[in-house]
Amino acid sequence: EPEVTQTPSHQVTQMGQEVILRCVPISNHLYFYWYRQILGQKVEFLVSFYNNEISEKSEIFDDQFSVERPDGSNFTLKIRSTKLEDSAMYFCASSPGQGRPGYTFGSGTRLTVV
Amino acid sequence: RKEVEQDPGPFNVPEGATVAFNCTYSNSASQSFFWYRQDCRKEPKLLMSVYSSGNEDGRFTAQLNRASQYISLLIRDSKLSDSATYLCVLRMDSSYKLIFGSGTRLLVRP
């Protein structure tokens, strides 16, 4: 079964540093997403990406965050100048497209900011 | 009012029991509804979509009541492996993002 792959599984970084979280979506999917889940809280939408541009973003996704699809397979989330409150599980997801099922999540990257 | 509200639980039930979870949503424009399952520190996984007519998948039955803006999940003959957090999730017609509830924790004991 196709899967969404995320690396690394766990990242520890110092406050103020930049981190890049990486994802390989399912190859024939057209929509890509980042979600986050702070420990003990609900899963929250950050951003969706389609046709090489952001299609929707939440209030959480401020100037500190950016996404990129640098090649045909990778989808990255960059967090500049990390803060303690950025510590969370970050999930990448992809879906085939309009009206079609198959929204698939990756296993997540646990980001710890110290 | 929260977009999606769920009783956090935990629901602690013996193996073989039937258990039901409810979820309410605030936006009547919500179009698609799902139940996801999340194991501790793992990604959410789709359990089932929820259709207006109600639908069943093995031991799991989902119902949607648009007039009252709630959805439900019934689990029959609970197994130890059903222990997890069950997430009520919806999607608006105009968007592809998923909106998650905080989840209901289920513990199935031997």
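Okay, so let's go over this structure. (Residues numbered from 1 in each chain as written. Chains lettered and ligands numbered in written order. Predicted model: local features only at pLDDT ≥ 70, side-chain atom pairs only at ≥ 80, totals over all residues. Heavy atoms only, no water.)

**Considering the overall build of chain B**
- When you go through chain B residue by residue, the secondary structure sums to zero helices and eleven strands.
- Going residue by residue from the N terminus, the α and β elements of chain B occur as β-β-β-β-β-β-β-β-β-β-β.
- A compact globule built from 110 residues should have a C-alpha radius of gyration of about 13 Å, and chain B, at 13 Å, falls within 12% of that.
- Based on the C-alpha atoms only, the size of chain B along its principal axes is roughly 45 × 30 × 20 Å.
- Every one of the 110 residues in chain B was classed for burial, and the buried ones make up 46%.
- By sequence separation, contacts in chain B at least 24 residues apart represent 57% of the contacts at least 6 residues apart.
- Surface accessibility of chain B: about 5500 Å² in total, with carbon and sulfur atoms responsible for 46%.
- Within chain B, the 11 negative side-chain charges are centred at a point lying 3 Å from the centre of the 14 positive side-chain charges. (Helix = DSSP H or I, 4+ residues; strand = E, 2+ residues; numbered from the N terminus. Rg over C-alpha atoms; globule rule 2.2 N^0.38 Å. Buried < 20%, exposed > 50% of the residue type's maximum accessible area, 1.4 Å probe, protein only. Contact = heavy atoms within 4.5 Å. Areas by Shrake-Rupley, 256 points an atom, 1.4 Å probe, with all protein chains shown as cover. Lys, Arg positive; Asp, Glu negative; His and termini not counted. Charge placed at Lys NZ, Arg CZ, Asp CG, Glu CD.)

**Examining the layout of surface pockets**
- Approximately 520 Å³ is the volume found for the largest pocket.
- In terms of lining, the largest pocket is formed by 25 residues, of which the most central are Gln37(A), Gln38(B), Cys40(B), Arg41(B) and Thr85(B).
- Within the residue set of the lining of the largest pocket, elements represented by two or more residues are strand 9 (88–95) of chain A together with strand 9 (84–92) and strand 11 (104–109) of chain B.
- With four residues, the top contributor of residues to the lining of the largest pocket is strand 11 of chain B.
- Grouping the constituent residues of the lining of the largest pocket by class yields ten nonpolar, nine polar and six charged. (1 Å grid on protein atoms, 1.4 Å probe; cavity = no way out; pocket = protein on both sides within 12 Å on 5 of 7 lines; lining within 4 Å. Points joined across faces, edges and corners; volume = space filled by probe spheres on them. Nonpolar A, V, L, I, M, F, W, Y, C, P; charged D, E, K, R; others polar.)

**Observations concerning the sheet that holds strand 7 (residues 65–68) of chain A**
Residues and elements named next belong to chain A.
- With respect to topology, four strands assemble into an open sheet ordered 1-3-8-7, the strand pairing being antiparallel. The open sheet has two edge strands with one neighbour each: strand 1 (5–7) and strand 7. On average, adjacent strands in this sheet sit at an angle of 20° to one another, irrespective of strand direction.
- In terms of strand pairing, strand 3 (residues 19–24) meets strand 8 (residues 75–79) through five bridges, oriented antiparallel. What sits directly across from isoleucine 20, in strand 8, is lysine 78. (Pairing = 2+ DSSP bridges. Axes fitted to C-alpha atoms, helices over the stretch in contact; angles between N-to-C directions.)

**What about the pairing of strand 5 (residues 43–50) of chain A?**
All names here are of chain A.
- Burial within strand 5 is extensive, with seven of its eight residues counted as buried.
- Relative to strand 5, strand 4 (residues 31–37) runs antiparallel, the two sharing seven bridges. If you follow phenylalanine 32 over to strand 5, its bridge partner there is phenylalanine 49.
- Linking two consecutive strands that pair antiparallel, namely strand 4 and strand 5, is a turn of five residues; a positive phi of about 85° is found at glycine 40 within it.
- Of the pairings in the sheet, the one linking strand 5 to strand 6 (residues 53–57) comprises four bridges and is antiparallel in character. Opposite tyrosine 50, over in strand 6, you have glutamate 53 as the bridge partner.

**Quick look at the interface of chain B and chain A**
- Across the boundary between the two partners, chain B contributes 13 residues, which contact 19 residues of chain A.
- Between chain B and chain A the total buried area reaches about 1500 Å² when both faces are included, carbon and sulfur atoms providing 57% of it.
- By the criterion of area lost to chain A, the three top residues of chain B are Arg41(B), Tyr96(B) and Phe100(B), representing 43% of everything that side buries.
- Across the contact surface, chain B and chain A share one salt bridge.
- Its salt-bridge partner being Lys97(B), residue Glu56(A) comes within 3.9 Å of it at the nearest N-O pair.
- Counting across the chain B and chain A interface gives three residue pairs in polar contact (both at pLDDT 80 or more).
- Broken down by class, the residue content of the side of chain B that touches chain A amounts to five nonpolar, four polar and four charged. (Buried area = accessible area lost by both parts, 1.4 Å probe. Salt bridge = Lys/Arg side-chain N within 4 Å of Asp/Glu carboxyl O. Polar contact = N/O pair within 3.5 Å; in protein donor to acceptor, adjacent residues only side chain to side chain.)

**Structural notes on the packing of aromatic side chains**
- Tallied over the entire structure, the rule returns 21 aromatic pairs over all chains.
- Relative to Phe100(B), the ring of Phe105(A) has its centre 6.0 Å away and its plane inclined at 75°; by these criteria the two rings are edge-to-face. Of this pair, Phe105(A) sits in strand 10 (residues 104–105) while Phe100(B) is found in strand 10 (residues 99–100), placing the two residues in two different chains.
- Exposure remark for Phe105(A): the relative accessible area of 6% places this residue in the buried category.
- Aromatic ring contacts, followed pair by pair, group Tyr33(A), Tyr35(A), Phe45(A), Phe91(A), Tyr103(A), Phe105(A), Phe34(B), Tyr36(B) and Phe100(B) into a single cluster. (Phe/Tyr/Trp six-rings, centres within 6.5 Å; stacked < 30°, edge-to-face > 60°.)

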